[in-house]
Amino acid sequence: MNTIPETLNKKDKPRTMLSDAWLRFSQNLPAMMGLTVVIVMYLVAIFAPLLVTTDYTAIDLDNVRSAPSLQHYFGTDELGRDVYSRVIWAARSAAFVSVFVPALSLILGVFFGVIAGYFGGWLDTIIMRVGDVLFAFPGLLFVFFIAATIKPAVLTWVKAIGLREFAKQGYVDYIVIFSALALVGWPGLARLVRGQFLTLRNREFVLAAQAIGASGWRIALRHILPNAMTPVIVAVSGGVGGAIAAETSLSFLGVGLQPPNPSWGQMISDYYVYWRSADLWPLLFIPSIILVTVILAFTFIGDGLHEALNPYLE
């Protein structure tokens with residue numbers, strides 16, 4: 001006779017690794033606060049056209065350098081543009097960077113890391129030496145060099161094939177910045193994936209797959225890669241804030257996103273002269289505080305994922 005109560009059997013559902021990770025992550029207060037900030041940023045980016053009060057590119061020379069008011073929540077700049085609307089649209093630029101740059105870096109890093117870590121040989125040597133060359137340059141300086149030298153050529157090529165409106169809207173800026181940041185970011189991920197593959201490729205489940213005749217790519221992608229992705233996910237999530245910081249730094253220096261594309265870094269550069277103004281200081285401090293908050297939020301998420309997914313941390 002079964003003496004276990006039926007209600008106990010219904011409640012005791014098997015716990016999965018994902019549910020355990022979420023439980024540990026949800027108990028991390030800074031990580032949950034960071035997740036809340038990031039969700040708000042993406043919602044603002046998605047619904048930006050509904051949240052703005054006016055066109056962020058609209059120039060009003062009769063209302064320049066105005067302090068925050070009910071008409072202009074964050075004030076207006078030297079061209080009379082509404083700073084609140086520009087801050088909202090800049091969130092969309094940050095959201096694009098936080099999605100596409102880590103995605104491109106992840107694709108390149110995983111691809112080259114798998115080749116170097118599992119197949120090895122001369123491919124490993126070439127990939128790691130290329131990574132060493134990229135590591136030899138300061139990351140931001142290398143991105144600065146790529147953006148400053150490649151963008152004019154890309155603009156010329158885009159206009160030559162008849163996409164003048166595409167270039168006029170500033171989409172080339174996004175393509176160049178995303179590509180430059182991804183080129184700088186993939187070597188670190190590739191080295192991380194390679195290290196995981198070197199650790200796992202002689203494990204029993206890999207040897208068993210080799211014994212039954214599984215192909216090299218199947219073993220690498222189907223058996224080893226899923227077991228190697230935990231530290232990669234943590235590294236990517238922790239690096240998103242760095243990608244946003246790099247984009248804003250480039251825009252601050254004048255080689256990143258160009259008008260009409262809004263960027264928090266561009267705004268900080270334009271409004272820096274107001275930092276001692278009694279009425280206009282919010283023009284500088286509001287985008288600065290938002291930028292710092294978003295970067296810290298992604299950092300907290302990365303730390304939370306590290307604690308939640310690392311089986312050796314209890």
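Details of the structure are given in the entry above.
Computed from a prediction, not measured in an experiment: that's the story for all the values here. Residue numbers here run from 1 along each chain, matching the order of that chain's written sequence. Only residues with pLDDT of at least 70 get local features here, since the model is predicted, and only at 80 or more are side-chain atom pairs given and counted; chain-wide, interface and lining totals rely on the full set of residues. For the side-chain quantities, the full set of heavy atoms in the structure was used; hydrogens and water were omitted.

Student: Which residues make up the packing of helix α9 (residues 171-200) against helix α11 (residues 216-253), and what values go with them?
Tutor: Axis definition: a line fit to C-alpha positions, over the contact stretch in the case of helices; interaxial angles, taken between N-to-C directions, run 0 to 180 degrees. In DSSP terms, a helix is any run of H or I states spanning at least four residues, a strand is any run of E spanning at least two, and both are numbered starting from the N terminus. Where α9 meets α11, the axes come as close as 9 Å, and the angle between the chain directions of the two elements is 150°. Relative to α11, α9 is oriented roughly antiparallel. By crossing handedness, the relation of α9 to α11 is classed as right-handed. Its residues assigned to classes, the contact of α9 with α11 comprises 18 nonpolar, two polar and one charged. Should an angle fall under 35 degrees it is taken as roughly parallel, and over 145 as roughly antiparallel, whereas 65 to 115 is taken as roughly perpendicular and any remaining angle as oblique. Crossings are classed by handedness, with left-handed meaning an anticlockwise turn of the near helix from the far one by less than a right angle and right-handed meaning a clockwise turn. Each residue is assigned to one of three groups, with Ala, Val, Leu, Ile, Met, Phe, Trp, Tyr, Cys and Pro labelled nonpolar, Asp, Glu, Lys and Arg labelled charged, and all others, Gly among them, labelled polar.

Student: A description of the packing of aromatic side chains should follow, citing residues and the corresponding values.
Tutor: Pairs were defined over the aromatic rings of Phe, Tyr and Trp, the Trp ring being its six-membered one, requiring ring centres within 6.5 Å. Orientation was assigned from the angle between planes: stacked under 30 degrees, edge-to-face over 60, tilted for the rest. This structure, assessed with the given rule, holds 14 aromatic pairs. Ring centres 5.3 Å apart and planes at 80° place the aromatic pair F74 and Y84 in the edge-to-face group. Residue F74 is located in the loop between α4 (48-51) and α5 (83-119), and its partner Y84 is located in helix α5; the two are separated by 10 residues in the primary sequence. Accessibility assignment for this pair places F74 and Y84 in one class, buried. Judged by centre distance (6.2 Å) and plane angle (55°), the ring pair of F96 and F100 falls under tilted. Of the two residues, F96 and F100 both sit in helix α5, four residues apart, roughly one turn of that helix. Burial status follows relative accessibility: with a 1.4 Å probe on protein chains alone, a residue under 20% of its type maximum counts as buried, one over 50% as exposed, and anything between as partly exposed. In this structure F96 comes out as partly exposed when scored by relative accessible area, which is 34%.

Student: Account for α5, with residues named and values stated.
Tutor: What a helix is expected to span follows from its residue count: subtract one and scale by 1.5 Å. Relative to the 54 Å expected for 37 residues at 1.5 Å per residue, α5 spans 53 Å between its end C-alpha atoms, a close match to the ideal helical length. At the exit of α5 stands G120, carrying a positive phi of roughly 60°.

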